[in-house]
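# Structure at a glance
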2 protein chains.
Amino acid sequence: MTDRAQGARLAGLAALLADPTRATFCLLLLDGRAWTAGELARRAAVAPSTASGHLDRLVASGLCAQERQGRHRYVRLADRRAAALIEDLAGHLPPAPAATGLRAATASAALARGRTCYDHLAGRLGVAVTDAMLARGYIEGGFTLSTKGAEWMDTVLGAGPDSWPRSRRPAARACLDWTERRPHLAGRAGAEVCRAFLDLAWIRRVGTGRAVRLTADGVTALGAHLGIEDADALA
Amino acid sequence: MTDRAQGARLAGLAALLADPTRATFCLLLLDGRAWTAGELARRAAVAPSTASGHLDRLVASGLCAQERQGRHRYVRLADRRAAALIEDLAGHLPPAPAATGLRAATASAALARGRTCYDHLAGRLGVAVTDAMLARGYIEGGFTLSTKGAEWMDTVLGAGPDSWPRSRRPAARACLDWTERRPHLAGRAGAEVCRAFLDLAWIRRVGTGRAVRLTADGVTALGAHLGIEDADALA
DNA sequence: GCGACGCTTCGGCGGGTGCCGAACGGTTCG
DNA sequence: CGAACCGTTCGGCACCCGCCGAAGCGTCGC
């Protein structure tokens, strides 16, 4: 009885992502930015009318939020929790479909190197930064920010924990990337690192999507502050 | 192109849980034990033939595993990863449907008090134990097992980290219960605590399901070793 | 061996849902 | 004001999928 009711609720949530088109939308929105209905339709290869209906449903469910500007409809993930839901699920996907080995050679090479995942760094860059922070003891075992790490963020990035707004958001957590299949830093610290990197112009967004590119300053900085020697390979 | 392919893969995974009957099965299986096809059919209120098909699909997907014994078909979640997937998703359900307030008065009162969630303690008991371990500093902020906690597990439970098999399973992680809406201890430590509690006869399974009941010994032990004063309310 | 039992297969029904094209309304820009 | 553009609504199509009952198969128990 109530068993079945709980099942129905769970099924309802899963059903949101159980459609290829809606799932594609959600993955595209994982960069945390707002996309127009038309862009999403094109990327997902469906007619605008089809996209419109799906977006209605995503918004109605609370998973997405929208703002209308003129003749445009901008849609984004509603909040961090929504992003975490997508991430969680995507993290459980079987390893890889058929890694063609050419992945790095495609037009999205920049994306493979670095991108944002909702509000933190992902891709090879995100993994590299995370690995370096782990190696230097800034992050510890279960993805907690160490005292040393807090100090580093404060002095080098000007974004230490003391400057963060009070909230219950975890300071650090692991986000499993669905392409790199490696954990990388998410949570408040992840978001602040990403923001600081952008502020300091160590990285810059390219194109309209989630891709980011390491700048020349960034290459130097990553070497100096994180001991990443081969940072230019990420640029 | 590849955007859409990733979306399709994600949708396929979500579709497994997007059916009320399959979702109900998965929630029932969260206790980590094997149920027969008939039991699952009855609990989910569907015909045996319907259940059969769903179980085929769950097994084929790798989410569940089965063993046939005589005329019975025993089905269980395939592994910890499968359980984590269900937990993750269920943890994102909106707070509560319409908490009737009578929850504790139903026939499943024992279940409300304590149960196992795949391989660790959940329910009010699980939350209480977790809270006590947090209060005593056995678990720290981001759900990592402290040195003190490791010592405690070793001396009191006879199940310290040194005795664990080497694996990449996280020592401790939070599992968000879908009824209590409170995090409780999962991961290797959670599993060992549950096992030790059973071994020490502090808890005992009741019925065929996931419900566990605190024994008289357990009430005393929880008071002595975790400072849980009102443990009899959980018995 | 015969019935009871657990499960499965099959056929068929019904409902839900994703998809599109065409027509329409609103906004922007010339 | 008119054309281009973005998005939505609507109707209709097709398909998928969940569900059941009936029949069948293997196992268990008397």
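Throughout what follows, the structure given in this document is the object of discussion. Computed from a predicted structure; not experimentally measured. (Residues numbered from 1 in each chain as written. Chains lettered and ligands numbered in written order. Predicted model: local features only at pLDDT ≥ 70, side-chain atom pairs only at ≥ 80, totals over all residues. Heavy atoms only, no water.)

The next subject is the environment of alanine 128 of chain B. Residues and elements named next belong to chain B. Mapped onto the fold, alanine 128 is located in helix H7 (residues 123-135). Placed 14 residues apart in sequence, alanine 128 and glycine 114 show a C-alpha to C-alpha distance of 9.7 Å. Setting aside anything within four residues of it in sequence, one finds alanine 128 in contact with Ile228 and Leu234. (Helix = DSSP H or I, 4+ residues; strand = E, 2+ residues; numbered from the N terminus. Contact = heavy atoms within 4.5 Å.)

Attention shifts here to the pattern of salt bridges. Applying the stated criterion to the full structure yields 14 salt bridges over all chains. With a shortest N-O distance of 3.1 Å, arginine 76 of chain A and glutamate 67 of chain A are connected by a salt bridge. With relative accessibility at 40%, the residue glutamate 67 of chain A sits in the partly exposed group. The residue arginine 195 of chain B makes a salt bridge to glutamate 192 of chain B at a minimum N-O spacing of 2.9 Å. One end of the pair, arginine 195 of chain B, and the other, glutamate 192 of chain B, are both in helix H9 (residues 187-199), 3 residues apart, so they sit about a helical turn from each other. Under the relative-accessibility criterion, arginine 195 of chain B is labelled partly exposed at 41%. (Salt bridge = Lys/Arg side-chain N within 4 Å of Asp/Glu carboxyl O. Buried < 20%, exposed > 50% of the residue type's maximum accessible area, 1.4 Å probe, protein only.)

Bringing the packing of helix H1 (residues 2-17) of chain A against helix H5 (residues 80-90) of chain B into the picture now. Two numbers describe how H1 of chain A lies on H5 of chain B: the axes approach to 10 Å, and their chain directions differ by 90 degrees. Here H1 of chain A lies roughly perpendicular to H5 of chain B, going by the angle between them. Of H5 of chain B, the residues touching H1 of chain A (which contributes Leu10, Leu13 and Ala14 of chain A) are Ile86, Leu89 and Ala90 of chain B. Classifying every residue of the contact of H1 of chain A with H5 of chain B gives 6 nonpolar, no polar and no charged. (Axes fitted to C-alpha atoms, helices over the stretch in contact; angles between N-to-C directions. Parallel < 35°, antiparallel > 145°, perpendicular 65-115°, else oblique. Nonpolar A, V, L, I, M, F, W, Y, C, P; charged D, E, K, R; others polar.)

A few words on the environment of proline 48 of chain B. Relative to the assigned elements, proline 48 of chain B resides in helix H4 (residues 48-60). For the pair proline 48 of chain B and alanine 37 of chain B, spaced 11 residues apart in sequence, the C-alpha separation works out to 7.4 Å.

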